[in-house]
Each structure stands twice: as structure tokens, then as C-alpha cells.
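# Structural characterization, general
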Amino acid sequence: MWEFSRTRYADCNGSEASEETEIAVNIGGVKRILYGDVLNRYPETRLAELVNRSTKSTQKDLSALCDDYDELKQEFYFDRDPEAFKCILDLYYYGEIHMKRGICPICFMREMDYWRIDTEYLDECCRSNLNEMESELAEIAEKVKTILDDLEEDATMTRGQRCQAFLWKLMEKPESSLAARVIAVVSFAFILLSSVVMCVGTIPELQVQDAEGNLVEHPTLESIETACIIWFTVEYILRLVSSSNKLHFVFSFMNLIDFLAIMPFYVVLILTHLGTAMMELANVQQAVQALRIMRIARIFKLARHSSGLQTLTFALKSSLKELGLLLMYMSVGIFLFSALGYTMEQSHPDTMFTSIPQSFWWAIITMTTVGYGDIYPKTTLGRCNAAVSFLCGVIAIALPIHPIINNFVIVYSKQRVLETAAKHEIELMALRAMEHAQEAGKMASAGTSSVWDSAAVSASQSDTYIPLLGEKVQPAHNRKNKSINMNSSL
């Protein structure tokens, strides 16, 4: 049995003295004296159990609760972060925990788990930082899983499934091989070429007349357009065939854009060659013209090959609230100043403001500082109203711009950090796989293995791997050859 010092103190009435157990703890070289009445406020924690068992347990029993004990000094030693322990102590004195600035939320959660403190005691502000960090870790884990899924090959896959997986990587994973990179570059070049051809084909000097005397695209440009459409069609079919979930593939947003970029060409062919027998020629030409305009959808195919455009899309999604505020400000201003402009210009005989809905156009081009000049006020009050309207428009547009730009910077930086972190995690997994293989080789050569050696290997792995990856990614030694090979490509 260990003996601990007892501190005598008078109670609040001063009538009698009581005594309370105190323990000395050394956290990473920082010594503290803790009292049992304070620690027992949360009896389920490690410190409360330590103070309760210290007076009636042996050193062997207490070894599970601390790293070491100095019987001479009567001091418990813990190899933990002393700065994080300061935050832990706030629970016993104030009933809640705040993480100090500069402490990693994930590392702090490990400290809380070690001291057996539930996350519900974290304050709301600190819990939001933890949730944000966990979401980032989940994204990193997803990227790592994707990389590992690309590297591993299931032995139970049939030959057809392997061909399907190879084709999917070839069409969807430009970083997987040199051939995939070449296909991505060629697809990007075809998108740019088709967009240029679509624009150049509308120049009257480059158009030719058909049999009816109508201007149509030059045959050379039509041939280039046909070649581009053939490439887009083959690419879409190959991606559809190699997709594991074809229903999800068809209704994906980017794949719908790909389909809309291809579909007008074939509909125009059908209407041109078969439509004249079913409807008038004028209706066919109008339908063809409307469908040819839909070719502009192919410019959105650039987003598939541009991480910058994808980041811009994510930034706009995260800025929907700011964009909504901008539209609301502009809508209120347009309605207000168009109504005032219509009212003030009624006294002028040559007024251009014939109605409030017609004045909306003037209010839009004025508040956005475009000012075409096709509609303008002619009275003094109308000009004053116009001056106030474009000043309000400048303010309304400028206010949400900074949050939108800030969201774009945050999203762009986050994407770069996540990609880098995922690559580093793969590299760490490869290193851990090599270390595990070397350790296994030493154990096999020795013929025996100790419990402490196994525990050390497990500890070295658990300190670096992402906990959200789960059992699928944690045992890196199962994929050591693939991870090492992938290391060279990174």
C-alpha cells in the first residue's frame, strides 16, 4: 500500500477540520499538485480513478493508469503534452474545455481520449474547429482510398472486369499512366478546336452559299466539326461502357453536359435528311439553328480537365449566400430606382420611360455602371435619381465581392493542401510498410518476437495513419509493393 499526504483544512463554517487526498503528477516535465475533491467532480476520468485507487492499490495496479511512479517523491509521471494538459484541467475547475490556439484539434482529441474525457465537454467554438478538421481528414481519407483503389487489383476480378477497370482509368484518371495523360491532352485540344471552329464558322466571309442561296458553314469547317464530334462520341461511349454505375454516370452533371454537346449534331443530321418529309423546310431550318446554338455547351467540358474551373465552381457553391444577397440588393434597387425614374420623367414631353417594367432595363444598366445610353433621363430630378442609383449599385456590388474572393482563396488553398496531404499519407504508408517488412524479417530471423516489439510497431503506425481511413487503409503492409511503386510516380 502506498501512503499519500493528507491536507487538513477547515470547512466553510470553521467548526471542524477535514482532510483530503492530494497527488503529485508530472506531465511532460511540469509538476502539478491535484486534489481529490476537485478530480472527483468527474469520476469517470483517468485522474479521478487514479486518486481513488492510489490509497488502496499496489504499484502493479497503478501502472495501467500512469507511465511511471517515483515512490520516493510520491510523484506520478505521464509522458503527455503539458500544454494540452492545462486545457484538460479546465474541465475540473470550470466545467468545460477550450483548446488553446496553436494546438492541433486531432492531437488534442487523442489527449482527451487518454484522460478519458468525452468530447461533449468541449466548448462550441472549439467543437466547430474539430468538426472542420475531421471533415478535412475525411476528404484526405477519401483521396487516399481512391489512390489505393487505383493501385490495387482484386484477384477475384474476371478478365472483363479488369479490362473495364483499365479502360476507366485510361479515360478518367489522367495521372494513372502516360497513355491516359495523352488522351486527356487530346480531348482538351479537341474541345478548344471545336469551340474555335464554332466561332469562326459564323464569320460571313468564311461562309458559302447552298443550293437555296442561304449562307452555311464552309465544308472544311464542317469536316473539322464532324471529326471533333466523332471523338466526343467515342470518348463518351468508352466512358459509359467502362463505368461501374451506368445510371449514375448518365445523370451526372458533367456527363449531361457531354451528352448535350454531342446530341445537337446527330439531331441536325436527322432533321436535315429526314425532317423535310415530315415538316416544312422553314421549321426544319429553325430547329437546326436552335440545336446548333446548343453546341456552346461543349465549352463546359473544359471543367473536366481544369482543376481551376472546378475550384471556381466549388467556390461559387460555397458563396451562394453572398450571391443571393447581391441579387437581393440589386433587385430592390432596380425596382426602387426604376419606379422613381418613371415617376420623375413623366413631366417631360419626350420621356423615354414609358412604363415601370420598361424602366427596369435602364435601372439594370445604370446600377451595374454599364450605361448603354439607349435610355436616359432628361429632367433634373431624373438625373439626380440616376446618380444616386449608380452610386448605390457600386456599393451593392462591392460589398459581397470580398467574401466571394475569400471563399475562392480558401477553397483553392484547401484543394492544394488536401492533394499534398493525401500524397504524403501514401508516402508514409509506404515507409511504414518497409519498416514493418524489415521488422518482420528481423523477427523471423531471430525466431521469436516479444510483446513489447509488437506494441512498438503498432504504436508507430497509429501515430501517423489517418484514423478516418478505417481498416481498409490502415494495414499498409498488405499493399506495400503497390504503395512503394506508387511512391516513385508521386
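Source: prediction; values computed, not measured. (Residues numbered from 1 in each chain as written. Predicted model: local features only at pLDDT ≥ 70, side-chain atom pairs only at ≥ 80, totals over all residues. Heavy atoms only, no water.)

### Some words on the overall build of the chain
In terms of helices and strands, the chain carries 20 helices and seven strands. Buried positions account for 32% of the 490 residues belonging to the chain. Intrachain contacts of the chain at a sequence separation of at least 6 include 61% that bridge at least 24 residues. Surface exposure of the chain reaches about 29100 Å², of which carbon and sulfur atoms provide 62%. (Helix = DSSP H or I, 4+ residues; strand = E, 2+ residues; numbered from the N terminus. Buried < 20%, exposed > 50% of the residue type's maximum accessible area, 1.4 Å probe, protein only. Contact = heavy atoms within 4.5 Å. Areas by Shrake-Rupley, 256 points an atom, 1.4 Å probe, with all protein chains shown as cover.)

### With respect to the packing of aromatic side chains
Any pair of aromatic rings gets described here by the distance separating the centres and the angle formed by the planes. Following the criterion strictly, the structure yields 14 aromatic pairs and no others. Between Y42 and Y121, the ring centres sit 5.3 Å apart and the planes meet at 80°, which makes this aromatic pair edge-to-face. Taken together, the residues span a long stretch of sequence, with Y42 in the loop between α1 (36-39) and α2 (46-53) and Y121 in the loop between α5 (105-114) and α6 (124-151) at a distance of 79 residues. We classify Y42 as buried; its relative accessible area is 15%. (Phe/Tyr/Trp six-rings, centres within 6.5 Å; stacked < 30°, edge-to-face > 60°.)

### Details of the pattern of salt bridges
Working definition: two side chains of opposite charge can pair if their charged atoms are close together. For the structure shown, the criterion picks out six salt bridges. Linking E111 and R80 is a salt bridge whose minimum nitrogen-to-oxygen distance equals 3.2 Å. Taken as a pair, E111 in helix α5 and R80 in the loop between β5 (75-78) and α4 (82-94) lie far apart in primary sequence, 31 residues in all. Residue class for E111 comes out buried when judged on its relative accessible area of 9%. Across the pair E83 and K86 runs a salt bridge, and its minimum N-O distance is 3.4 Å. (Salt bridge = Lys/Arg side-chain N within 4 Å of Asp/Glu carboxyl O.)

### Digging into unusual backbone geometry
Phi at R116 takes a positive value of approximately 60°, unusual for a residue other than glycine. Tracing the chain through its elements places R116 in the loop between α5 and α6. One non-glycine residue, T369, adopts positive backbone phi at about 55°. When you line up the elements, T369 lands in the loop between α16 (356-367) and α17 (380-398).

### Some words on the packing of helix α8 (residues 178-200) against helix α9 (residues 219-242)
Relative to each other, α8 and α9 sit at 145°, their axes nearing to 10 Å. The handedness of the crossing between α8 and α9 is left-handed. On the side of α8, the interface is formed by I183, V186, S187, F190, I191, L193, S194, V197 and V200, while α9 contributes L221, I224, E225, A227, C228, W231, F232 and E235. Of the residues in the contact of α8 with α9, the class split is 13 nonpolar, two polar and two charged. (Axes fitted to C-alpha atoms, helices over the stretch in contact; angles between N-to-C directions. Left-handed = near helix turned anticlockwise from the far one by under 90°. Nonpolar A, V, L, I, M, F, W, Y, C, P; charged D, E, K, R; others polar.)

### Brief notes about the nonpolar core
Formed by 37 residues in total, the largest nonpolar core has its most connected members in F76, F78, I88, I97, F108, W115 and L122. Contributions of two or more residues to this core are made by β2 (17-27), α1, α2, β5, α4, α5 and α6. Among the elements that make up this core, the one with the highest residue count is α4 (seven residues). Excluding residues that lie within four positions of it along the chain, W115 makes contacts with I27, T45, R46, L47, F78, R80, F85 and I88. M330, F337, W362 and A396 belong to the second largest nonpolar core, which has 11 residues in total. (Core = buried A, V, L, I, M, F, W, Y, C linked by side-chain atoms within 4.5 Å.)

### What about the side chain of N385?
With respect to the secondary-structure elements, N385 resides in helix α17. Residues in contact with N385, not counting those within four places in the same chain, are F337, L340, G341, M344 and W362.

### Section: the confidence of the model for the chain
Residues with a pLDDT of 70 or more make up 76% of the chain, whose mean pLDDT is 76. Residue range residues 1-19 is modelled with pLDDT below 50. Its contacts to residues more than four positions away, or to other chains, number 45 contacts. Within the model, the stretch residues 448-490 combines pLDDT values under 50 with 63 contacts to residues more than four positions away or in other chains. (pLDDT = per-residue confidence, 0-100.)

### As for the packing of helix α7 (residues 159-172) against α9
It is the contact of α7 with α9, at a shortest axis distance of 8 Å, that shows an interaxial angle of 135°. In this view, α7 runs oblique relative to α9, as classed from their interaxial angle. Like other packed secondary-structure pairs, α7 and α9 cross with a definite hand, here left-handed. Note on element contacts: α9 touches α7 through E235, L238, R239, V241 and S242, opposite Q164, L167, W168, M171 and E172. When the residues that make up the contact of α7 with α9 are grouped by side-chain class, the tally is five nonpolar, two polar and three charged. (Parallel < 35°, antiparallel > 145°, perpendicular 65-115°, else oblique.)

### A few points about the environment of L193
Within the secondary structure layout, L193 lies in helix α8. Judged by its relative accessible area of 38%, L193 falls in the partly exposed class. It is 8.4 Å that separates the C-alpha atoms of L193 and I224, two residues lying 31 residues apart in sequence. With near-sequence residues (within four places) excluded, L193 lies in contact with I224 and C228.

### Some details on α17
For α17, with 19 residues, the first-to-last C-alpha span of 27 Å sits near the 27 Å given by 1.5 Å per residue. Of all the positions in α17, only G382, N385, A386, S389, G393 and A396 are classed as buried. Around the axis of α17, the buried residues are gathered within 100° of arc, so they sit on the same side. Within α17, the exposed residues directed more than 90 degrees away from the buried face are T380, R383, L391 and I395. Among the structural elements, α15 (320-344) and α16 are those in contact with the buried residues of α17. The backbone nitrogen of G382 lies 3.1 Å from a side-chain oxygen of the residue at the head of α17, namely T379. (Expected span 1.5 Å × (residues − 1). Arc of directions from axis to C-beta. Polar contact = N/O pair within 3.5 Å; in protein donor to acceptor, adjacent residues only side chain to side chain.)

### Remarks on the side chain of N26
If you trace the backbone, N26 turns up in strand β2. The class for N26 is buried, based on a relative accessible area of 11%. For N26, the side chain forms a polar contact with the side chain of E75, separated by 2.9 Å.

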